[in-house]
Each structure stands twice: as C-alpha cells, then as structure tokens.
Amino acid sequence: MSLAIFDLDHTLIGGDSDHAWGEFLCRKGIVDEHEYRAANDRFYEEYLRGEMDIHEFLNFALNPLAQHTPEQLDIWHAEFMQECIEPIILPKAEQLLASHREKGDFLLIITATNRFVTAPIAQRLGVDALLATDPEMIDGQFTGKVAGTPCFQGGKVTRLNAWLKETGHSLTGSWFYSDSNNDLPLLEVVDNPVATNPDDRLRETAQGRGWPILDLMPASDV
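How each quantity is defined
- Residues numbered from 1 in each chain as written.
- Predicted model: local features only at pLDDT ≥ 70, side-chain atom pairs only at ≥ 80, totals over all residues.
- Heavy atoms only, no water.
- Salt bridge = Lys/Arg side-chain N within 4 Å of Asp/Glu carboxyl O.
- Helix = DSSP H or I, 4+ residues; strand = E, 2+ residues; numbered from the N terminus.
- Buried < 20%, exposed > 50% of the residue type's maximum accessible area, 1.4 Å probe, protein only.
- Contact = heavy atoms within 4.5 Å.
- 1 Å grid on protein atoms, 1.4 Å probe; cavity = no way out; pocket = protein on both sides within 12 Å on 5 of 7 lines; lining within 4 Å.
- Points joined across faces, edges and corners; volume = space filled by probe spheres on them.
- Nonpolar A, V, L, I, M, F, W, Y, C, P; charged D, E, K, R; others polar.
- Polar contact = N/O pair within 3.5 Å; in protein donor to acceptor, adjacent residues only side chain to side chain.
- Expected span 1.5 Å × (residues − 1).
- Arc of directions from axis to C-beta.

1. Considerations on the pattern of salt bridges
Thinking step 1. A complete count under the given rule lists 14 salt bridges for this structure.
Thinking step 2. Note that Arg159 and Asp134 form a salt bridge whose closest N and O atoms lie 3.2 Å from each other. Of the two residues, Arg159 is situated in helix α8 (residues 154-167) and Asp134 in strand β3 (residues 129-138); the sequence distance between them amounts to 25 residues. Accessibility assignment for this pair places Arg159 and Asp134 in one class, buried.
Thinking step 3. A cluster of three or more residues bridged by salt bridges with shared partners is formed by Asp7, Lys156 and Asp183.

This is the structure in structure tokens:
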C-alpha cells in the first residue's frame with residue numbers, strides 16, 4: 001500500500017473552497033458583504049502570489065465560526081456543499097482517486113483550508129483521511145483561533161510527519177498531487193511529486209525538475 005496524498009483546492013476541485021466559503025457567507029448576509037469580500041479577495045490574491053500571512057488570514061477566516069453555533073454552521077455548510085462544491089468537483093479527479101483506490105493505496109487529502117470547510121468535502125470524495133488546518137474548539141464552540149500548526153507551506157510537512165509517526169504510514173512509494181507552488185516543501189519530500197493543474201510557478205518548477213504535469217480540469221477551463 002502506497003500513500004497517495006492530494007491537495008484539495010484547484011487540484012481535486014475546480015476552485016478554492018476557502019474563498020468560496022467566504023463568498024457564500026457574503027451572499028447569505030452572514031458577514032458584512034463589502035468588507036468581508038474585499039478582505040477575502042485580498043487574501044486570495046496574496047495566496048496566489050505566495051505572499052499570504054497564514055496567521056493573519058486565519059484570524060480573518062475563522063472569526064465567523066466563532067459567531068455562530070456549530071449546529072447553525074452545519075446547516076449553512078450543507079447548503080454550501082450543494083450550491084458551491086458539487087458543481088466544481090472534477091470528474092477526472094474522481095477518476096484519479098478511484099485509480100489509486102483500486103490499487104489499494106491509502107488516500108489522504110492535505111489542505112491549508114480549515115477542517116470545518118473541508119471535512120465534508122473529503123468525506124464526499126471518499127478519501128481515507130484528512131489533514132487540514134484545525135479551528136480551535138472549547139466546550140463545543142469554535143473560538144475563532146487556530147489549534148496547532150496551520151497546514152500551510154512547510155506546515156504541511158510538519159503535520160504530515162506527525163501523522164506518519166501516529167499512524168505508522170511511510171512515504172516510501174508516496175505520491176503528492178498539487179496545483180500550487182506553496183506546496184513545494186511537500187512535493188520535494190514524496191517519491192512521486194505530480195504538478196496537477198499547476199500554477200505558472202509550479203509548472204516552471206516541474207518542467208525544470210522533470211516532474212509529471214497532470215491536467216484534471218475540463219478542456220474548456222484549462
């Protein structure tokens with residue numbers, strides 16, 4: 001059994017679930033539309049440029065979770081799944097997951113997007129485990145703070161190494177599929193890095209290092 005690791009946003013789905021959740025909150029009137037959208041868009045652009053301060057972003061992104069009960073958040077998330085996530089699940093990505101599943105590989109999503117947003121998506125995609133940025137909860141309520149190491153850039157390697165120790169899995173024969181140059185630290189430690197729907201910087205890196213490049217987007221979206 002090999003470990004098949006997948007980024008989520010722009011890799012298995014044709015969009016960014018973190019940004020999409022923010023847009024959903026704006027459309028529902030759950031947050032101040034003008035202020036929240038402006039900040040959400042700014043952080044997204046910083047992420048694409050590789051310049052995002054993850055702690056500043058998480059202070060922003062996790063705050064709405066602390067303003068509502070988990071029960072209400074779950075109701076909104078179910079709507080979010082149907083309205084925003086189902087339409088951007090990539091058929092070729094589901095085929096890729098199925099091919100690794102059929103080989104008996106262990107399927108792991110590792111994502112910077114927080115667990116509240118991504119756990120139902122990982123469940124929908126049928127993977128075996130999820131590593132995500134964990135929102136802090138105290139007495140059953142989100143606090144708006146992050147728990148532990150954010151699962152971002154080198155933090156993905158830190159979180160993965162801890163998970164490997166806990167579970168006994170190994171990186172021998174491992175795969176990692178990602179679209180983002182932000183994931184270079186993890187791409188460099190697996191046996192089989194695959195640049196998947198890559199951004200321009202990762203595409204250039206992959207070409208320079210001879211890594212495979214995989215496009216899972218529909219032809220009209222490439």
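2. Re the environment of Phe116
Thinking step 1. Looking at where Phe116 falls in the secondary structure, it is placed in helix α7 (residues 115-125).
Thinking step 2. Of the residues examined, Phe116 reaches a relative accessible area of 9% and is grouped as buried.
Thinking step 3. Linking Phe116 and Asp134, residues 18 residues apart in sequence, is a C-alpha distance of 7.8 Å.
Thinking step 4. If sequence neighbours within four positions are ignored, Phe116 has contacts with Trp21, Leu65, Leu73, Asp74, His77, Pro135 and Phe142.

3. Concerning empty space enclosed by the protein
Which parts of space are left empty comes out when a probe the size of a water molecule is rolled across the atoms.
Thinking step 1. Under the defined criterion, the tally for this structure stands at three cavities of 30 Å³ or more.
Thinking step 2. One number sums up the size of the largest cavity: a volume of about 220 Å³.
Thinking step 3. Around the largest cavity, the lining is made up of 21 residues, and of these Asp16, Asp18, Tyr47, Met52 and Thr113 lie nearest the centre.
Thinking step 4. At the level of secondary structure, the elements contributing two or more residues to the lining of the largest cavity comprise α1 (17-28), α2 (33-49), α3 (54-61) and β2 (106-114).
Thinking step 5. Here the element with the most residues in the lining of the largest cavity is α2; it accounts for four residues.
Thinking step 6. Residue classes in the lining of the largest cavity are distributed as eight nonpolar, six polar and seven charged.
Thinking step 7. Considered as a void within the structure, the second largest cavity measures approximately 40 Å³ in volume.
Thinking step 8. Forming the boundary of the second largest cavity are Asp18, Trp21, Gly22, Tyr36, Asn40, Phe57, Phe60, Ala61 and Asn114.

4. Let's talk about the side chain of Thr118
Thinking step 1. Relative to the helices and strands, Thr118 is located in helix α7.
Thinking step 2. A polar contact of 3.0 Å, which involves the side chain of Thr118, links it to the backbone oxygen of Asn114.

5. Section: the layout of surface pockets
Thinking step 1. Estimated volume of the largest pocket: approximately 160 Å³.
Thinking step 2. Taken together, ten residues make up the lining of the largest pocket; nearest its centre are His10, Asp179, Asn197, Pro198 and Asp199.
Thinking step 3. Per-class residue counts for the lining of the largest pocket are four nonpolar, two polar and four charged.

6. Notes on α2
Thinking step 1. Counted at 1.5 Å a residue, the expected span for α2 with its 17 residues is 24 Å, and the 24 Å between its end C-alpha atoms agrees.
Thinking step 2. Restricting attention to buried positions, one finds in α2 the residues Tyr36, Ala39, Asn40, Phe43, Tyr44, Glu46 and Tyr47. Along the long axis of α2, the arc covered by the buried residues comes to 160 degrees, so they all point the same way.
Thinking step 3. For α2, the elements touching its buried residues are α1, α3 and α4 (63-66).
Thinking step 4. Two or three places before His34, at the start of α2, stands the capping residue Asp32, its side-chain oxygen 3.3 Å from that residue's backbone nitrogen.

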